[in-house]
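As a plain string of letters, each chain reads:
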Amino acid sequence: MDSTQAVQDPTPPRTGRILVAEHNELNAELMRELLQRRGHHTVRAHHGLEALALLERDPFDLMLLDLHMPGLDGFEVVACQRQREREQGGHLQVVALTARAEDRQRCLDAGLTDLLPKPIQGAKLWSLVDRALAAAAPIDARVLLAACGEDAAILAKVLVVLKSSLPRELARMEERWRAGDLAQLRELAHKLQGTLGAASTSAARRAIALENELLTGSLPTRARFEDLQRVTLGVLEALADVTLARLQADVQTA
């Protein structure tokens, strides 16, 4: 191949909503700047209790979690989050931030996705975030299996409805968002979360967050709306390869 020929990456890195739970101001600001340069949206939590409150209120694709925060430490935070997920569904990618190399095995045992050593280095941060977001499952296998009762014929019908309904609902929401029609947009967000709820807990939570924002009487920002679109399209793409056997295997290996 000609060495001057540009190589195109067929699968560019995903961007996402990232919760940065870090009590050190310098580290938090450094990560915010580095992540925003790659197109990610970041929210800061100063301590563990604030991180849990933000996770309860808003959907995120990834959490970067300082293990040694005051109050609740990172291990306690992830334990609370994993308990929520056992009760409510979903699985958040969580990357530990620590200067202690001996934390690695404890992190993996605690259900953390990976570990990023301090001091923070831009290239390592970007690589790890790209990997964690690529591993994030757009659909919730447990939820979809429950929706179809683990019946292949019912699953096929559910998939047909999801694949036909989601693009229409997104298009209708786009139309109402451009018109500034808060009442109709709120109804459509409620309908969308009901549809998404059959396949993806995290995507449904985004629709709920949008609906709640509309209840305040404010039109959501374009970025908030585009985040919901991105996640919904990710669900649609993931549904293309869904089979009953694959869902069951995903649940067994989770």
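Residues numbered from 1 in each chain as written. Predicted model: local features only at pLDDT ≥ 70, side-chain atom pairs only at ≥ 80, totals over all residues. Heavy atoms only, no water.

A. A look at helix α1 (residues 25-37). An ideal rise of 1.5 Å per residue puts 18 Å on 13 residues; α1 measures up with 18 Å between its terminal C-alpha atoms. Each element contacted by the buried residues of α1 is listed here: β1 (17-21), β2 (41-45), β3 (62-66), β4 (93-98) and α5 (122-135). Positive phi shows up at glycine 39, right after α1, with a value of about 90°. (Helix = DSSP H or I, 4+ residues; strand = E, 2+ residues; numbered from the N terminus. Expected span 1.5 Å × (residues − 1). Contact = heavy atoms within 4.5 Å.)

B. Local environment of the nonpolar core. The biggest cluster of nonpolar side chains holds 35 residues, and the ones touching the most others in it are Leu144, Met173, Leu196 and Leu239. When contributions to this core are tallied by element, the ones reaching two or more residues are α6 (141-148), α7 (152-179), α8 (182-196), α9 (201-215), α10 (222-239) and α11 (244-253). A per-element tally of this core places α7 first, with eight residues. Once residues within four sequence positions are removed from consideration, leucine 239 is found in contact with Ile139, Leu144, Leu159, Leu162, Lys163, Leu166 and Ala199. Core analysis: the second largest hydrophobic core is formed by 21 residues, Leu19, Leu52, Leu65 and Ala96 among them. (Core = buried A, V, L, I, M, F, W, Y, C linked by side-chain atoms within 4.5 Å. Buried < 20%, exposed > 50% of the residue type's maximum accessible area, 1.4 Å probe, protein only.)

C. Region of the structure containing the pattern of salt bridges. Counted by the stated rule, this structure contains 21 salt bridges. The partner of arginine 206 in a salt bridge is aspartate 227, with the nearest N and O atoms 2.7 Å apart. Of the two residues, arginine 206 is situated in helix α9 and aspartate 227 in helix α10; the sequence distance between them amounts to 21 residues. Each of the two residues, arginine 206 as well as aspartate 227, counts as buried. A cluster of three or more residues bridged by salt bridges with shared partners is formed by Asp61, Arg206, Asp227 and Arg230. (Salt bridge = Lys/Arg side-chain N within 4 Å of Asp/Glu carboxyl O.)

D. Highlighting α10. The end-to-end C-alpha distance of α10 is 26 Å, a good match for the 26 Å that 18 residues give at a rise of 1.5 Å each. Within the sequence span of α10, burial applies to Phe225, Asp227, Leu228, Gln229, Val231, Thr232, Gly234, Val235, Leu236, Ala238 and Leu239. In this structure, the buried residues of α10 make contact with β1, α6, α7, α8 and α9. Its side-chain oxygen 3.1 Å from the backbone nitrogen of arginine 224, threonine 221 forms the N-cap of α10. (Polar contact = N/O pair within 3.5 Å; in protein donor to acceptor, adjacent residues only side chain to side chain.)

E. Local environment of the confidence of the model for the protein. Taken residue by residue, the protein gives an average pLDDT of 87. The fraction at 70 or more is 93%. Here residues 1-12 is modelled with pLDDT under 50, and outside its nearest four sequence neighbours on either side it reaches one contact, counting other chains as well. (pLDDT = per-residue confidence, 0-100.)

F. How the structure looks around unusual backbone geometry. Cis geometry marks the peptide bond from lysine 118 to proline 119, where omega comes out at 5°. Even without a glycine there, the phi angle at glutamate 150 is positive, about 55°. For glutamate 150, a relative accessible area of 45% puts it in the partly exposed group.

G. Region of the structure containing the packing of aromatic side chains. For the coordinates displayed, the defined rule picks out one aromatic pair. Here tryptophan 177 and phenylalanine 225 contribute two aromatic rings whose centre-to-centre distance is 5.8 Å and whose plane-to-plane angle is 5°, an arrangement assigned as stacked. Taken together, the residues span a long stretch of sequence, with tryptophan 177 in helix α7 and phenylalanine 225 in helix α10 at a distance of 48 residues. Phenylalanine 225 sits in the buried class, given a relative accessible area of 0%. (Phe/Tyr/Trp six-rings, centres within 6.5 Å; stacked < 30°, edge-to-face > 60°.)

H. Main features of the sheet that holds β3. One open sheet holds the five strands; their spatial order is β2-β1-β3-β4-β5, and the pairing between them is parallel. The open sheet is flanked by β2 and β5 (114-117), the only strands paired with a single partner. In this sheet, adjacent strand axes meet at a mean angle of 20° when their direction is disregarded. Both β1 and β3 contribute to a ladder of four bridges, which runs parallel. Paired with leucine 19 across the two strands is methionine 63, which belongs to β3. Packing against the sheet, helix α2 (residues 48-57) makes contact with β1, β2 and β3, and its axis sits at approximately 135° to β2. With respect to the sheet, α5 is in contact with β1, β3, β4 and β5, its orientation differing from that of β5 by roughly 170°. (Pairing = 2+ DSSP bridges. Axes fitted to C-alpha atoms, helices over the stretch in contact; angles between N-to-C directions.)

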